[in-house]
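Summary of the model geometry
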Amino acid sequence: MRKPVLVVLFILALVLLTTIQLAPAQATTPDSQVYTWGFVRPGSQQLVCKQITIHPEKEVVSPASHHKSVKMSSRSTIVEDRYCSHLTKPSL
């Protein structure tokens, strides 16, 4: 009586473990937006509020690899000062 129950439990555990290992989560990360004070361009003395958008991009990795590579790209846009009003403005 106990032997068939143990065999069923063992098979169930084996199936669950292989299912979890073969089907990893396909989680995605949304774009992140950060506001910060920055200079218009290098060498400039004019401070502006910038919105920096960070976008993760998947890169192709060989199937034999167990690692996933992620490339991050960012874009900076000058926005109204009200978006940075809660931040301390750096002194020049």
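Structure: above.
None of the values given here were measured: they were computed from a predicted structure.

Counting its regular elements, the protein chain contains one helix and three strands. Ordering the α and β elements of the protein chain from the N terminus gives α-β-β-β. Evaluated residue by residue, the protein chain yields a buried proportion of 12% over its 92 residues. Counted over contacts in the protein chain with a minimum sequence separation of 6, partners at least 24 positions apart contribute 44%.

So, on to the side chain of Thr53. With respect to the helices and strands, Thr53 occurs in strand S2 (residues 47–58). You can call Thr53 buried: its relative accessible area is 10%.

So, about the state of the cysteines. Applying the stated criterion across every chain, the model contains one disulfide. Paired through a disulfide, Cys49 and Cys84 show a sulfur-sulfur distance of 2.0 Å. Here the S-S torsion is close to 75 degrees, and the disulfide linking Cys49 with Cys84 is therefore right-handed. Taken together, the residues Cys49 in strand S2 and Cys84 in the segment after strand S3 (70–79) connect sequence positions 35 residues apart. Judged on exposure class, the residue Cys49 and its partner Cys84 are both buried.

To continue, consider the environment of Tyr83. Mapped onto the fold, Tyr83 is located in the segment after S3. Distance from Tyr83 to Tyr35, taken between C-alpha atoms, is 6.8 Å for residues 48 residues apart in sequence. Within the structure, the side chain of Tyr83 is placed 3.2 Å from the side chain of Arg82, a separation counted as a polar contact.

Let us look at the pattern of salt bridges. Applying the stated criterion to the full structure yields one salt bridge. Note that Glu80 and Arg82 form a salt bridge whose closest N and O atoms lie 2.9 Å from each other. Residue class for Glu80 comes out partly exposed when judged on its relative accessible area of 48%. Taking the relative accessible area as the measure of exposure, Arg82 reaches 53% and is therefore exposed.

Below, the discussion takes up a nonpolar patch on the surface. On the surface, Val5, Leu6, Leu9, Leu12 and Leu16 cluster together to form a nonpolar patch covering roughly 480 Å² of accessible area. With respect to the helices and strands, Leu12 occurs in helix H1 (residues 2–22).

Turning to the packing of aromatic side chains, a few remarks are in order. For the structure shown, the criterion picks out one aromatic pair. Over the ring of Tyr83 we find Arg82; its NZ or CZ atom is 4.5 Å from the centre of that ring.

Thresholds, definitions, all that
Residues numbered from 1 in each chain as written. Predicted model: local features only at pLDDT ≥ 70, side-chain atom pairs only at ≥ 80, totals over all residues. Heavy atoms only, no water. Helix = DSSP H or I, 4+ residues; strand = E, 2+ residues; numbered from the N terminus. Buried < 20%, exposed > 50% of the residue type's maximum accessible area, 1.4 Å probe, protein only. Contact = heavy atoms within 4.5 Å. Disulfide = S-S within 2.5 Å. Polar contact = N/O pair within 3.5 Å; in protein donor to acceptor, adjacent residues only side chain to side chain. Salt bridge = Lys/Arg side-chain N within 4 Å of Asp/Glu carboxyl O. Patch = residues over 30% accessible without salt bridge, like charges linked within 9 Å, V, L, I, M, F, W, Y side chains within 5 Å. Areas by Shrake-Rupley, 256 points an atom, 1.4 Å probe, with all protein chains shown as cover. Phe/Tyr/Trp six-rings, centres within 6.5 Å; stacked < 30°, edge-to-face > 60°. Lys NZ or Arg CZ within 6 Å of the ring centre and 35° of its normal.

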